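# Overview (structure and organization)
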Amino acid sequence: MALTPPVKEHPYSHLIDTLEDGSGSIKFFNPQKLNDPRYDKLPLSIRVLLEAAIRNCDGFYTKEDDVQNLLDWQQQQNEAEVPFSPARVLLQDFTGIPAMVDLAAMRDAVAKLGVDPGLVNPKCPTDLIVDHSLQIDFSKCAIQNAPNPGGGDGPSQGPSRSIPSRRGSQCGSQRGSCSKASCSDPPASPGRPSVQQIENTPLLCPFHLQPVSEPETALKNQELELSRNKERLQFFKWCSKAFKNVNVVPPDVGAVHQVNLEYLSRVIQVTDGFVYPDSVVGTDSHTTMINGLGILGWGVGGIESEAVMLGQPVSLTLPQVVGCKLVGSINPLTTSIDIVLGITKHLRQAAIAGKFVEFFGPGVSQLSAPDRTTIANMCPEYNATVSFFPVDHVTLQHFKKTSFTQEKLDLMESYMKAVKLFRNYEEPSEDPQYSEVIEINLTSIVPQVSGPKRPQDRVAVSGMKEDFQSCLDEKVGFKGFHISKEKQDTCVPFLHGGQEYQLAHGSLVIAAVISCTNNCNPSIMLTAGLLAKKAVEAGLVVKPYIRTSLAPGSGMVTHYLNTSGVLPYFSQLGFEVIGYGCATCVGNTAPLPDAVVDAIKQGDLVACGVLSGNRHFEGRLCNCVRANYLASPPLVVAYALAGTVGIDFEKEPLGVTSEGKEVYLCDIWPSREEVQQTEEDTVICSIFKDLRGRMEKGNTLWNNIECPDSVVFPWDHKSTYIRPPSFFSKLSKEVAPPQSIENAHVLLFLGNKVTTDHISPAGSIARVSAAAKYLLSKRLTPREFNSYGARRGNDAVMTRGTFASIKLQNRFIGKPGPKTLHIPSGQTLDVFEAADRYQRDGVPLIILAGQDYGSGNSRDWVAKGPYLLGVRAVIAESFEKLHKNQLVGMGIMPLQFLPGDSADSLELSGKERFTIAQPDSLSPRQQLTVKTSQGKSFSVTALFDTEMDVIFFRHGGHLRYVARTLL
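Residues take numbers from 1 onward in each chain, read along the sequence in its written order. Given that this is a predicted model, residues contribute local features only at a pLDDT of at least 70 and side-chain atom pairs are listed and counted only at 80 or more, while totals for whole chains, interfaces and linings are drawn from all residues. Calculated side-chain values reflect all of the structure's heavy atoms, with hydrogen atoms and water omitted.

## Observations regarding the confidence of the model for the protein
For clarity, the threshold we go by: What pLDDT expresses is the predictor's confidence in each residue, scored from 0 to 100. Any two residues whose heavy atoms approach within 4.5 Å are treated as being in contact.
Of the residues in the protein, 84% reach a pLDDT of 70 or more, and the chain-wide mean stands at 84. Counting contacts from residues 1-7, a segment whose pLDDT is below 50, to residues more than four positions away or on other chains yields 23 contacts. Ignoring residues within four places in sequence, the model shows residues 135-215, a span with pLDDT below 50, making 192 contacts including any to other chains.

Now the structure itself:
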């Protein structure tokens, strides 16, 4: 959060310390100067919360009691509420629109009252990523070997065209060009399938096996995006110029979580001469990835992120912190994916919902930065809030490969060590105290394959030979093939390329290295590439009848395989780039040689395929290949070299060189250190260089967008996407005196478990909805309605969509639907139409509900919508805490029935009129009296937890409070 320079009144000014950096001294708040022994025992993630509380202690949002509660974490966990002021906010486009529209409307409001609108800016630095969502209208799908109907036999079907193979021609001359200046290399070698071009796919250079650039595809999508979202992009462009503390990352740079990891992450922030830890809350579910770099952060809803932008901290119950201790050594054959999925499985089995997870122990040092961010990103899989990896030497090595200067790295290390946020995982004396400890022995995570028929049937590589033998013995079923004992040793000789070979049960005939879904981690592909390199250098070969292929998931994979120097070795073993789409997984394997097919049929052999994809059901790859295994890319290469799945890698050699030397898998398997070094030197550097280039160059279409050069935004009142909301209507400099809610009608009479899905608009706009009627009145056709998400910047649409869920159970109606009863007339209307009538008649509204009102995921219109419908209070048996805070933030009273009371026990029909008296001096958790027009009276608790909540409510919500601070 932006820091106000310390003054004498700052209660912790005595903790200010200095560090020397390249440009002089820099200040920081040093919690160690508290001289409190509890600090050294705190988990490092809690230390980050504590530092933020100390630095931002202002006596209003953050108090000295909050600092003490954090220091007393061992006793206060799961009890005390504490504030957290993150260093920055991360917005993606859909949630960014309503937040920035609110700020623009606030500028209008203060300008009308004679205040400089330029004073309205986010108080917390905010990054808004435009490219979070992209609709694909034009695509060029895939390049593959000649496809077949799905069994591997038979001619190619579907339209295809051969790529020209004229020697010396300029590749890509018609639709872009290969990265090479010219193509003079020979086509694919004899015996290998020719590269085929599938219709409506990008061209592949037939000589270099690299994708030919096709700028028109991206340009067409960008042009249509610009046309479809012109208003939104113009508004974002204006925001980037008009607001301070707002950084808009333009289109064509990257998705929000990618940009956060690769460009925005800082580990430390420097503001007003003070250094402090980087931290973030974001409106993207991938925000937790950042914890893998030692940066505390998690996902929040749009309302929460907007509040943080305006200076309000996030409120959270002091969490329990589960220490995940990693011990043991990683099995040499275990890949990063094995480790990530193994750790995720352990954590999923633990009861850690809503808790922080913090990693420690000697095993952490073996994990690379990409490994850590992948594990941190899996938080939703095991329901943790964050998975935090404190900064260590691995983190520093990672940032050395980025745009960080040595001066910045030195400052980062010095500061993190000064405040004890730097970890030496090998030193157990530094281990903090945790709520509980889960120990995971990395040695227990062993490499596995899946098969031979179903992906859920996992087999340890060390037991693969025995497992395949048992499959031959078992009856035909999920795993068995029921091959009689006397036929299990069958060998069938055949000729291929003029040389004799033999096939037996377990012989490999298909080996496909695929980089997609579960194998997209660069370290996995680099491990396979380095293995191929070492195999070639050792003199090993893959038998030529095995149908080998290499299908990178994207051009970036080809790029880093080429940059690291391993791509030629893949090719030498027969793993040539065949394209960028689904191939082997969907049965698009090139036909096997006739001699191989004949040998399999002659011996009734259980031949095998091994691939690193995600589908491998029996007969899927080829109808004569009955056993198929999913394996990591390096294991695909290993089994291809062995030529069989019936091998014990620890005891049997992969092959024999021409000199007669036996070569074992352990002889050529690359070490994790070698893989990580190659990844850092090629992949990481390449990614950051590319991202920096795109940020510096900018996007032509974005650069050419014209936007107004004004302090206040010139609203287009014909717009159906962006318009000023009425949150600031009738804003005055003075706070109005407390006004009781008198003779209110009930807009909705709801039951238990009303979720945010019921309340807040989401998804498509139904053609018979109130929002649809509004859009039709603006002369839009149903095809132009778009979604509620796309129209989040239009309060007229979003208000009409509030409570528009077809699953809403309103007791007034008796059946699901977005309808309610307009009590004065007795008519059944859309919720918006009824609310509009009440507002025109000057009638305040309330909502009656049961238990757990507002449960579910946070949504930015879940409180804004009811506010604009005219709802003044919600009376419920219980509230989801987050939603209760959202109601307070919009000036709506959350009122809770007393224990034992409910609408039913009080015999409320909902058709009464309700009066709720407000005292002149409202206090937190105060009981109020509700009177009905039928003469009944009952008490409720006003769920204001703090004086701050009361102040926000008195001002009519947080937005109006912030606006008044400028008046």
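## Some words on the sheet that holds strand S12 (residues 279-282)
This is how it is decided: Here the rule is simple: two strands pair whenever DSSP picks up at least two bridges between them. Secondary structure elements are taken from DSSP: a helix is a run of H or I of four residues or more, a strand is a run of E of two residues or more, and numbering for both begins at the N terminus. With axes taken as lines fitted to C-alpha atoms, and helix axes fitted only over the stretch in contact, angles between N-to-C directions fall between 0 and 180 degrees.
Strand order in the open sheet formed by five strands is S9-S5-S4-S12-S13, and the pairing between neighbours is parallel. Strands with a single pairing partner mark the edges of an open sheet, and in this sheet they are strand S9 (246-249) and strand S13 (296-299). Within this sheet the neighbouring strands show an average axis-to-axis angle of 15°, counted without direction. With four bridges joining them, strand S4 (residues 88-92) and strand S5 (residues 126-129) adopt parallel strand pairing. Bridged to glutamine 92 within S5 is isoleucine 129. Set on the sheet, helix H8 (residues 302-309) makes contact with S4, S5 and S12; between it and S4 the angle comes to about 140°.

## Considerations on helix H9 (residues 336-348)
Residues spaced three or four apart along an α-helix face the same direction, because each turn holds 3.6 residues. Rules: Helices are assigned an expected span. That span is 1.5 Å times one less than the residue count. The buried label goes to any residue with under 20% of its type's maximum accessible area, the exposed label to any with over 50%, and the partly exposed label to all in between, with areas taken from a 1.4 Å probe on protein chains only.
Here H9 is 13 residues long and its end C-alpha atoms lie 18 Å apart, about the 18 Å a rise of 1.5 Å per residue gives. What H9 keeps buried is the set Ser336, Ile337, Asp338, Ile339, Val340, Gly342, Ile343, Thr344 and Leu347.

## So, the sheet that holds strand S35 (residues 914-916)
Two pairing modes exist for strands in a sheet, parallel and antiparallel, and in both the strands are linked by backbone hydrogen bonds. Judged by pairing direction, the barrel is mixed, and its seven strands sit side by side in the order S29-S32-S33-S34-S37-S36-S35 before closing back on the first. Strand-to-strand twist of the sheet, defined as the mean angle between neighbouring strand axes without regard to direction, takes the value 40°. Here two bridges tie strand S29 (residues 741-749) to S35, and the two strands are oriented antiparallel to one another. Each residue of the ladder has a partner; that of alanine 744, found in S35, is phenylalanine 914.

## Focus on unusual backbone geometry
For the peptide bond that leads from glycine 451 to proline 452, omega is 10°, which places it in the cis range. Mapped onto the elements of the fold, proline 452 is located in the loop between strand S19 (448-450) and strand S20 (458-460). Unusually for a residue other than glycine, asparagine 786 sits at a positive phi of about 65°. With respect to the element layout, asparagine 786 can be found in the loop between helix H24 (770-777) and helix H25 (795-801). Given the relative accessible area of 30%, asparagine 786 is considered partly exposed.

## Considerations on the packing of H9 against helix H10 (residues 369-377)
For the record, the criterion: Should the near helix be turned anticlockwise from the far one by less than a right angle, the crossing is termed left-handed; should it be turned clockwise, right-handed. Gly is placed with the polar residues, together with every amino acid not listed as nonpolar (Ala, Val, Leu, Ile, Met, Phe, Trp, Tyr, Cys and Pro) or charged (Asp, Glu, Lys and Arg).
Their axes nearest at 10 Å, the elements H9 and H10 cross at an angle of 30°. Considering how the two elements wind past one another, H9 and H10 form a crossing that is right-handed. Residues Ser336, Val340 and Ile343 of H9 form the contact with H10, whose own contacting residues are Asp371, Thr374 and Ile375. The residue inventory of the contact of H9 with H10, partitioned by class, reads three nonpolar, two polar and one charged.

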